[in-house]
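# Architecture at a glance
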Number of protein chains: 2
Amino acid sequence: MTVRRSRAQRAQLALLLEVAGTPKPGNVDRHRDYPDLRFEHFLAGAIGAHEGLQLAAEGERVGRAFERAVSGMSQQEAGNTQFGALLLLAPLVRAAADGDLSPEGVHEAVEATTVADAADFYRAFDHVDVAVADPPEAMDDLDVRRGSDAVEAVEESEVTLYDVMERSAERDGLAREWVGGFERTFRAAGRIAELDGPVPERAAETFLELLAAEPDTFVAIQHDEETAEEVRERAEDALVGRVDPDEFADELVDRNVNPGTTADLVAGALFVALERGVSV
Amino acid sequence: MTVRRSRAQRAQLALLLEVAGTPKPGNVDRHRDYPDLRFEHFLAGAIGAHEGLQLAAEGERVGRAFERAVSGMSQQEAGNTQFGALLLLAPLVRAAADGDLSPEGVHEAVEATTVADAADFYRAFDHVDVAVADPPEAMDDLDVRRGSDAVEAVEESEVTLYDVMERSAERDGLAREWVGGFERTFRAAGRIAELDGPVPERAAETFLELLAAEPDTFVAIQHDEETAEEVRERAEDALVGRVDPDEFADELVDRNVNPGTTADLVAGALFVALERGVSV
């Protein structure tokens, strides 16, 4: 009897293939590190995420599976590696486990999230520092950076995890996926499936296409919207050959401009592509 | 409660850190692929090995755990990626699970192997093509390349897996570890622990030291003993700076000279180092 890759393992492999895709301008990739955020941290993060991903594959609540995955991912020295990718993977794995890995299926999974899932989402911030936008002043109590200290406020306000994402959708590209049927994730999965060549190369090409299409919201938070738009335009140039993608990648790392949201989308897309039969 | 890396996951991480170590002359590394054996195949192989490694961590027979790990590892398009590394990891994980990850502890684990383990070892060859030396003529029935077809002969001859390794120890560096208390593996683990810097860089340095110290037996089988000795001398030159390790690495890949046994030793050593508290 052959040992087959499980669903949670496909999600882990998606995390690994994402970081191996090169060049992925501004991100850790097979050829680039940040001084304190290196390739091996992503390897360890992907290994550690297994337990949480396995919970999602077994039908556990999305928020709980996510929090467990983040806890395991964070067991390496760089802190956060794939928080955003896990935020997409948890509901995608859950939808696949429920037998409907489609925009409708994953919408069902995220819409079914509860206040308990929201509380788990806040708890996940205890494990890692994640750069996020400041909340509106009236929502200070619900600042995710408070982590589990905010859980009481979360429970009092009775917000579900889906509600939390709705409130962030304007500024956060991952929250936008949550409330928009994972549109870009599924589109990117289609691109990965239709491109030729080694899967990490397809992932890198898809990354560049995504980056050229919309400003990366993590860059907008980490720097500002002008930088995010500038990076988008340069990605467009790289895509059509006006800029060398490798030089662009070196430059963004030098400037500490990290389009992490776009990388997260690629990780989600790789999982969908693997589920649909793309092989490595 | 924090999700901690399990023992089987440490073994998976060792596999990933090994392939990420660069340059590792002649091997797939973070910067080098072979046309049909690429980095992503190693990522998928390490993910797939989990079930077998987990069995070893739960005290399953070494041969059985190895065969299951190889089966899962082989679920990618390149066929064999880490067969040899798993042959070291299965007893190392088992010894660690038994509470004694030392030369004595792992010797106990391999000496306790049975005819059933030997049969599983042969079955593992059904999953992948592995280049091995021709057996002595009188042992044609026990040619490992026959895979499970040889199981009947294995059972009739009543050889244990340890016996099989004893017979191969002269020509195979991994079998030599099995019968010699994993001497080079533990020594290399010590080097990884005492070197400074990112763990994949320590692994690459240790690889070069191992390669400079003894001819790689996989190179001897794949090519001949002269080539293996030439590679050893060049590794020595690289170690002392007479040869650029990166150019040496490119050259060996171009010549299809693949010191795989030495890479396997590094994977085993990384697992020991992680168990002993080296952190990523």
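Residues numbered from 1 in each chain as written. Chains lettered and ligands numbered in written order. Predicted model: local features only at pLDDT ≥ 70, side-chain atom pairs only at ≥ 80, totals over all residues. Heavy atoms only, no water.

Each copy superposes on the other: chain B lies on chain A with an RMSD of 0.0 Å after a rotation of 180° and an axial shift of 0.0 Å. Seen this way, the second copy is the image of the first under a two-fold rotation axis. For chain B, the minimum C-alpha distance to the rotation axis belongs to Arg30 of chain B and amounts to 3.1 Å. A share of 100% of interface residues in chain B that are also interface residues in chain A marks the association as one of identical surfaces. (Least-squares fit on C-alpha atoms with pLDDT ≥ 70 in both. Contact = heavy atoms within 4.5 Å.)

Moving on, we get to the environment of Asp140 of chain B. All names here are of chain B. As for its position among the elements, Asp140 is in the loop between helix H7 (115–124) and helix H8 (151–157). For Asp140, a relative accessible area of 43% puts it in the partly exposed group. Spatially, the C-alpha atoms of Asp140 and Ala153 are 9.9 Å apart, while their sequence positions differ by 13 residues. Once you skip the residues sitting within four places of it in the chain, Asp140 turns out to touch Pro135 and Arg146. (Helix = DSSP H or I, 4+ residues; strand = E, 2+ residues; numbered from the N terminus. Buried < 20%, exposed > 50% of the residue type's maximum accessible area, 1.4 Å probe, protein only.)

The subject of this paragraph is the interface of chain B and chain A. The interface of chain B with chain A comprises 37 residues on the first partner and 37 residues on the second. Of the roughly 3200 Å² buried where chain B meets chain A, counting both sides, 57% is carbon and sulfur surface. If you look at where chain B meets chain A, you find two salt bridges. For the interface between chain B and chain A, the tally reads 21 residue pairs in polar contact (both at pLDDT 80 or more). (Buried area = accessible area lost by both parts, 1.4 Å probe. Salt bridge = Lys/Arg side-chain N within 4 Å of Asp/Glu carboxyl O. Polar contact = N/O pair within 3.5 Å; in protein donor to acceptor, adjacent residues only side chain to side chain.)

We now examine helix H5 (residues 83–97) of chain B. Residues and elements named next belong to chain B. The terminal C-alpha atoms of H5, which comprises 15 residues, lie 21 Å apart, in line with the 21 Å expected from a rise of 1.5 Å per residue. The largest bend along H5 measures about 25° and falls at Leu89, with the proline Pro91 one to four residues further on. Directly after H5, the chain includes Gly99, whose backbone phi takes a positive value near 90°. (Expected span 1.5 Å × (residues − 1). Bend = angle between axes of the 7 residues up to and from the residue.)

With that settled, the discussion passes to the confidence of the model for chain A. Here chain A shows a mean pLDDT of 96. Residues at 70 or above account for 100%. Two numbers describe this predicted complex: its pTM, 0.98, and its ipTM, 0.97. (pLDDT = per-residue confidence, 0-100.)

In this section: empty space enclosed by the protein. Applying the stated rule across the entire model yields two cavities of 30 Å³ or more. Roughly 50 Å³ of internal volume is contained in the largest cavity. Sorting the residues of the lining of the largest cavity by element identifies helix H10 (173–179) and helix H16 (260–275) of chain A as the ones contributing at least two each. The element best represented in the lining of the largest cavity is H16 of chain A, accounting for three residues. Its residues assigned to classes, the lining of the largest cavity shows two nonpolar, four polar and four charged. What the second largest cavity holds in volume is close to 40 Å³. In terms of lining, the second largest cavity is formed by Gly173, Arg176, Arg184, Glu214, Pro215, Asp216, Thr217, Thr261, Thr262 and Leu265 of chain B. When residues of the lining of the second largest cavity are traced back to their parent elements, those giving at least two are helix H10 (173–179) and helix H16 (260–275) of chain B. Taken together, the residues that form the lining of the second largest cavity break down as two nonpolar, four polar and four charged. (1 Å grid on protein atoms, 1.4 Å probe; cavity = no way out; pocket = protein on both sides within 12 Å on 5 of 7 lines; lining within 4 Å. Points joined across faces, edges and corners; volume = space filled by probe spheres on them. Nonpolar A, V, L, I, M, F, W, Y, C, P; charged D, E, K, R; others polar.)

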